Amino acid sequence: MAIAKVNGVEVEFEPGMTVLQVAELAGEEIPRFCYHERLSIAGNCRMCLVEVKPGPPKPQASCALPAAEGQEIFTKTPMVKKAREGVMEFLLINHPLDCPICDQGGECDLQDQAVGYGRDDSRYEENKRAVEEKAMGPLIKTVMTRCIQCTRCVRFITEVAGSPEIGLISRGEDVEITTYLGAAVTSELSANVIDLCPVGALTSKPYAFEARPWELKKTESVDVMDALGSSIRVDARGAAVLRVLPRNNDDINEEWISDKTRYAVDGLGRQRLDRPYVRVAGKLQPATWAQAFAAIASKIKATAPERVGVIAGDLQDAESLKATKDLFTALGVKNLDSRQDGTALGYGPRESWLFNSTLAGIENADVVLFVGTNPRLEAPVLNARFRKQWIAGKTRFGVIGEQADLTFGYDYLGAGAKTLSGLAKSKGDFVAALKAAERPAIIIGQGALARADGAAVLKAAAGLAKTMKVVREGWNGWNVLHTAAARVAGLDMGFVPAEGGLSTADMLKPGALDVLFLLGADECEPAASDAFKIYLGTHGDAGAHKADVILPGAAYTEKNGLYVNTEGRVQQGRRAVFPKGEAKEDWSILRALSEVLGHKLPYDSLDQLRAKLFADHPTFGQIDYAPGSVATPFDVGALGGDAELSDAPFESPIKAFHLTNPVARASVTMAECAAVASGAAKIAAE
Amino acid sequence: MSVRRLAKEQPASFAFSKDSQAKADWWKAKYPAVRKQSAVIPMLWLAQKQEGWVSEPAIQEIAKQLEMPVIRVLEVATFYVMFQLQPVGKVAFVQLCGTTPCQLRGALDLKAVLKAKIGDANHVSADGKFSWEEVECLGACCNAPMAAINDYYYEDLTPESLAKILDDFAAGKSPKPGSYDGRVASEPKGAIHTLTDPKLYDGSYAKKIKIPNLPEKPKTSKAKPEPTA
């Protein structure tokens, strides 16, 4: 550890740190615009000037200056203050004074730092520069006159998102940030540039002129759009969720979120089920809760438990899954399934369906094999980690499945199960690397497991994992990448068909059941079943359209709930707004229904329900904990079952990234993004 | 410096001629395969040599050949002022130096000639043969005023000589580049007035000098190496 002095106070630092980082270690705040911890250093805004001894007698940009042993750093001298004031004055020469009509107002770095370093008047008498607006797609609104050319957006899109589409063109006073000829940014992480922009040049298009930051109620919660459980902050005003922002969480999402996480929330106000409905003479009629419950009770009481089935959806919290399971198990129902896609997981040790390396730990892997997954679409934020590893040159990647643009380079091995089963014996560069790897990892996706031959694919993959010693002392490289936020919670509590019970696909066959209870299940084509369908959910989507009774539930921003992400980390989602209309939190609906059905659930509050959940399934009690590689070793080779391997190539379950769940499908913003992504619509330059 | 943007009207396509493609391949081969994009500036230059200017389809083609994001090529093309982003005169493209030394020696008069003969700056003449622009110092101040026409410097210009040069271009001739007042290069105009003493050149002023801090020659060949500290 080297030692430097910051304002006369000695600070220990790791060699290789910059002066700015050392000053921050000492608790000094250094103003900056272009510097960002997770991006490369540009050093072009000059706001972070400090005085350094020994060195030339002039201010130095601390972000780009390596700290040295014995260095004296001064951050508060008159020279530093004057230098920063000079930089601020230059920045403000061309920056418009339109804060009152700027969406960044109140959360603007330039505004904040102008308070500290700005002059009270301007010495500039010339005209300000004006820059044409740029079209960047349906998410990013541009007011380029406000741009101070920090190039954070360029660096993010190039380095992190891996779709280099934004650039800084021309030179001198005429420089402009733009996409190539006004094309929309196609990255799934594109909207993070809005957070990165230190001024109001790139702002949120769907959120334009909606609210000021100080009007919003901020709730820290968890995302459900994919199985990562990214940390988010839900900003709401009154009954409406206005926007979602990422929170820093190095274990999961670093500080990025996908565009779907950020912008699907306008779907929370559209197509909502805000009161119970009962189908009368072929038409859904508004009903009271009592009428809806009565309709359900008369039907279920008249039906044998073998003819009743339950399918749980992808966005459910653990509590509603638990209440549903308890209720229907008490009724003697064995046909319970939380796997809408029919994935071949759910029996055996818990490690078999977890992302065991953990999302942060996968960065330590040296060879990674993807089987039947497209992480760019299934978990864009995780994909950014893979890209980071690839840029660092630490990891080699191989893919069996779709040959898609993943933003990083990989060895393409083959399309389907035959490649997978033959891989261990094949001779190739990648296989040799996998064999020799110290920390090999296999990431298997639902594109490989959610198929008719899923069990056999699982067996083949597990066999390969065993051969390659993917699970070894101190390292567990067996990773399942889920696509549904509710999947791991469902599997953890055994929300799978009991002995003799029917799975999702069997339940949906015509004539298989008389009563089908859909807990927010919209992805499994429930229309195929001819049973009496009860839908408990939030949106008028696939599940509700053919339902005979509709119970309006709460969306993820409207209830307190636990979610388990793909690595087995239990996280708490929190209520930001109240459910719409007559809708109730899901667990309380089930509790009320249980009383009508004569099997009262043994809990009267969410806390009691959680206590029961923790008692029955202890893993849920470990909030914010991911077992990771320290978990008990398990025999990976024993997974899977025998079946004929099909020749069909693995396909990612996600075809349209922006339209994967009922919330996103109700969102106008996501519809626009999907149209741009599929090329169906050209967004005109505005 | 003018605002550097792509031209409004662009050709439908661009392809390197056989000759320029061969040169482009030579440049690409200079760099390792993963660093192919190092050839972006030579490639842009080749495109400009071929067409007279860099068009949008040319930028696309170069990005494709170098396997780099097209925005990166656009960044380079819009950064360097030597890349012409607008069409230029097919016969002569005049870049007139307008910086102080040239201006003091009469660049403003040359400008008037260009304006009268070709038209406004940065516009191609109606017949498509001529265009001109004012540029910053081209580093030939000894021969001010001057202009670069196509690839060559035309120096020590007067309104008359510039008009003659333009007429020659229009007539299909290729006027001789270089000074237009009889000089060979940038030597003094007319007779030489300084450094005329012949003694300067016959060695008679030369004195023996001692070069300071030369390493001392070892006196004997058996000098012991100095003991190290």
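Procedures and definitions
- Residues numbered from 1 in each chain as written.
- Chains lettered and ligands numbered in written order.
- Predicted model: local features only at pLDDT ≥ 70, side-chain atom pairs only at ≥ 80, totals over all residues.
- Heavy atoms only, no water.
- Patch = residues over 30% accessible without salt bridge, like charges linked within 9 Å, V, L, I, M, F, W, Y side chains within 5 Å.
- Areas by Shrake-Rupley, 256 points an atom, 1.4 Å probe, with all protein chains shown as cover.
- Salt bridge = Lys/Arg side-chain N within 4 Å of Asp/Glu carboxyl O.
- Helix = DSSP H or I, 4+ residues; strand = E, 2+ residues; numbered from the N terminus.
- Buried < 20%, exposed > 50% of the residue type's maximum accessible area, 1.4 Å probe, protein only.
- Arc of directions from axis to C-beta.
- Domains from an automatic or database assignment.
- Expected span 1.5 Å × (residues − 1).
- Contact = heavy atoms within 4.5 Å.
- Buried area = accessible area lost by both parts, 1.4 Å probe.
- Polar contact = N/O pair within 3.5 Å; in protein donor to acceptor, adjacent residues only side chain to side chain.
- Pairing = 2+ DSSP bridges.
- Axes fitted to C-alpha atoms, helices over the stretch in contact; angles between N-to-C directions.
- Core = buried A, V, L, I, M, F, W, Y, C linked by side-chain atoms within 4.5 Å.

1. Points about a nonpolar patch on the surface
Residues and elements named next belong to chain B.
Item 1. Together, Leu-195, Leu-200, Tyr-201 and Tyr-205 line one region of the surface with nonpolar side chains, adding up to about 500 Å² of accessible area.
Item 2. Take Leu-195: it is sitting in the loop between β5 (178-179) and α8 (199-202).
Item 3. Look at Leu-195 and you get exposed, because its relative accessible area is 62%.

2. Details of helix α3 (residues 109-117) of chain A
Item 1. All of the buried residues along α3(A) are Leu110(A), Gln113(A) and Tyr117(A). Along α3(A), the residues classed as buried sweep out an arc of 75° about the axis, all on the same side.

3. Concerning the domain arrangement of chain B
Item 1. Along its sequence, chain B is carved into domain 1 (18-79) and domain 2 (92-179).
Item 2. Spacing between the C-alpha centres of domain 1 of chain B and domain 2 of chain B amounts to 29 Å.

4. Looking at helix α18 (residues 586-597) of chain A
Residue and element names in this part refer to chain A.
Item 1. Between its first and last C-alpha, α18 extends 16 Å over 12 residues, near the 16 Å set by a 1.5 Å rise per residue.
Item 2. Buried residues of α18: Asp-586, Trp-587, Ile-589, Leu-590, Arg-591, Leu-593, Ser-594 and Leu-597, and no others.
Item 3. Residues of α18 that are buried sit in contact with α7 (289-301), α8 (318-330), β24 (515-519), β25 (532-537), β26 (549-552) and α19 (606-616).
Item 4. Looking one or two residues past α18, Gly-598 carries a phi angle of roughly 85°, positive in sign.

5. Overview of the interface of chain B and chain A
Item 1. Taken together, the contact pairs 19 residues of chain B with 16 residues of chain A.
Item 2. Buried area between chain B and chain A, summed over both chains or domains, comes out near 1,400 Å², and the portion from carbon and sulfur atoms is 59%.
Item 3. Applying the counting criterion to the chain B and chain A interface returns one salt bridge.
Item 4. We note a salt bridge from Arg5(B) to Glu176(A), for which the minimum N-O separation is 2.3 Å.
Item 5. Across the contact surface, chain B and chain A share eight residue pairs in polar contact (both at pLDDT 80 or more).
Item 6. Put simply, the parts of the chain that give the side of chain B that touches chain A at least two residues each are α3 (56-66) and α4 (70-79) of chain B.
Item 7. Looking at which element gives the most residues to the side of chain B that touches chain A, the answer is α4(B), with seven residues.

6. Notes on the sheet that holds strand β12 (residues 240-246) of chain A
Residues and elements named next belong to chain A.
Item 1. Read from one edge to the other, the open sheet built from three strands follows the order β10-β11-β12, with strand pairing classed as antiparallel. Each edge of the open sheet carries a strand with a single partner, namely β10 (217-222) and β12. Pairwise comparison of adjacent strand axes, ignoring direction, gives a mean angle of 30° for this sheet.
Item 2. Note: β10 against strand β11 (residues 231-237), six bridges, orientation antiparallel. The residue bridging Thr-219 from the neighbouring strand is Val-234, located in β11.

7. Overview of the pairing of strand β23 (residues 478-481) of chain A
Residues and elements named next belong to chain A.
Item 1. Covered by surrounding structure in β23 are Trp-478 and Val-480 together with Asn-479 and Leu-481, the residues of both alternating faces.
Item 2. By the bridge criterion, four bridges tie strand β20 (residues 440-445) to β23 in an arrangement that is parallel. Across the sheet, residue Ile-442 finds its bridge partner in β23, namely Trp-478.

8. Structural notes on the sheet that holds strand β1 (residues 2-6) of chain A
Residue and element names in this part refer to chain A.
Item 1. Read across the open sheet, the five strands follow the order β2-β1-β5-β3-β4; overall the sheet is mixed. Whereas interior strands pair on both sides, the edge strands pair on one side only; in this sheet they are β2 (9-13) and β4 (60-61).
Item 2. Bridging between strand β3 (residues 49-53) and β4 involves two bridges; their strand directions are antiparallel. If you follow Val-50 over to β4, its bridge partner there is Gln-60.
Item 3. Packed onto the sheet, helix α2 (residues 78-94) meets β3 and β5 (72-74) and runs at close to 145° relative to β3.

9. As for the nonpolar core
Residue and element names in this part refer to chain A.
Item 1. In this structure, Phe-156 and Leu-382 are the most contacted members of the largest nonpolar core, which totals 105 residues.
Item 2. Here this core gets six residues from one element, more than from any other, and that element is helix α4 (residues 152-161).
Item 3. Apart from residues lying up to four places away in sequence, Phe-156 is in contact with Leu-39, Ala-161, Leu-189, Asn-192, Val-193, Leu-196 and Trp-256.
Item 4. Leu-327, Ala-448, Trp-478 and Ile-589 belong to the second largest nonpolar core, which has 83 residues in total.

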